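# Residue-level structure breakdown
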Amino acid sequence: MKNRMNTKKLVYIGLLAAVATVLMYLELPLTFLFMPPFLKLDISGVPTLIGTFMFGPAAGIFITLVKDLIHLLSSQTGGVGELSDFLIYAAFSLSAGLLYRYHKSKKGALAACLTGTAAVTVIGALTNKYLIIPFYSKLMPIDSIVSACNEVNPLIDSIDAYILFGAMPFNLIKGLIISALTFLVYKKLSHLMKDSLMAPEERKSATAKE
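Residues numbered from 1 in each chain as written. Predicted model: local features only at pLDDT ≥ 70, side-chain atom pairs only at ≥ 80, totals over all residues. Heavy atoms only, no water.

## Quick look at the overall build of the protein chain
Along the backbone of the protein chain there are 8 helices and 2 strands. Counting helices and strands in the order they occur from the N terminus, the protein chain gives α-β-β-α-α-α-α-α-α-α. Looking at the protein chain residue by residue over its 210 residues, the buried ones come to 43%. A sequence separation of at least 24 residues applies to 71% of the contacts in the protein chain between residues at least 6 apart. Accessible surface computed for the protein chain: about 11400 Å², of which carbon and sulfur atoms make up 69%. (Helix = DSSP H or I, 4+ residues; strand = E, 2+ residues; numbered from the N terminus. Buried < 20%, exposed > 50% of the residue type's maximum accessible area, 1.4 Å probe, protein only. Contact = heavy atoms within 4.5 Å. Areas by Shrake-Rupley, 256 points an atom, 1.4 Å probe, with all protein chains shown as cover.)

See the structure below:
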């Protein structure tokens, strides 16, 4: 019975990784919010966060690793974008997952999401400064990068300004959107998963209590 439950758990984690992989290909630029054109939003963090809340931080990190390895096959950034994504969502899963593990309530989930969003904002700023910008600087001069960003957001007149007024707000928005979407779907989805993971006698007992 325990082996069957572990198998089901692995299947759910695999399905969440598959959904995250597909969602990572659906990107939306946020130039209408004055974000630089190469910063694009995807919501692949939603299944990652769901997996984190359901099965713990290790599951969230595994889901992130799988989707980034698959996305690496069609990378347009030489793997730098995928590495950045992995670091960002690993930080999200670890911080949010550890907090939620000890506070499994609606308030605990909210606190976990806000903590994870803070981690995404900080790690995203660091990966942009030390991974993304150095990569793009090999393709075009730094001045051209700053100029392209300045056309969208006049506040961006240097790399530091890009981090402050581009990368950090972008990752903050991304973390909040992912958190909000997770809140919308997690409860129903977690009930379905938990029911299927229960042994028949446990399911009957839970139904009787209701």
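## Observations regarding the side chain of S179
By the element assignment, S179 lies in helix 7 (residues 159-197). Assessed through its relative accessible area of 7%, S179 is described here as buried. For S179, the side chain forms a polar contact with the side chain of T117, separated by 3.4 Å. A distance of 2.8 Å separates the side chain of S179 from the backbone oxygen of G175, its partner in a polar contact. Ignoring sequence-local partners within four residues, the contact set of S179 consists of L49, F92, C113 and T117. (Polar contact = N/O pair within 3.5 Å; in protein donor to acceptor, adjacent residues only side chain to side chain.)

## Topic: helix 5 (residues 106-137)
Here helix 5 spans 44 Å end to end across 32 residues, near enough to the 46 Å set by a 1.5 Å rise per residue. Of all the bends in helix 5, the largest measures some 45 degrees and sits at N128. (Expected span 1.5 Å × (residues − 1). Bend = angle between axes of the 7 residues up to and from the residue.)

## Side note on the pattern of salt bridges
Tallying each qualifying case throughout the model produces 3 salt bridges. Notably, a salt bridge pairs K67 with D68, separated by 3.9 Å at the nearest N-O pair. Owing to a relative accessible area of 0%, K67 belongs among the buried residues under this scheme. On the basis of relative accessibility, which here comes to 5%, the residue D68 falls in the buried class. (Salt bridge = Lys/Arg side-chain N within 4 Å of Asp/Glu carboxyl O.)

## Comments concerning the nonpolar core
Counting 24 residues, the largest nonpolar core has L49, F53, F55 and F92 as the members making the most contacts within it. Elements with a contribution of two residues or more to this core: helix 1 (2-24), helix 2 (45-55), helix 3 (57-72), helix 4 (80-102), helix 5 and helix 7. Examining the composition of this core, we find that 6 residues originate from one element, helix 2, more than from any other. Core analysis: the second largest hydrophobic core is formed by 15 residues, L30, C149, I156 and I159 among them. (Core = buried A, V, L, I, M, F, W, Y, C linked by side-chain atoms within 4.5 Å.)

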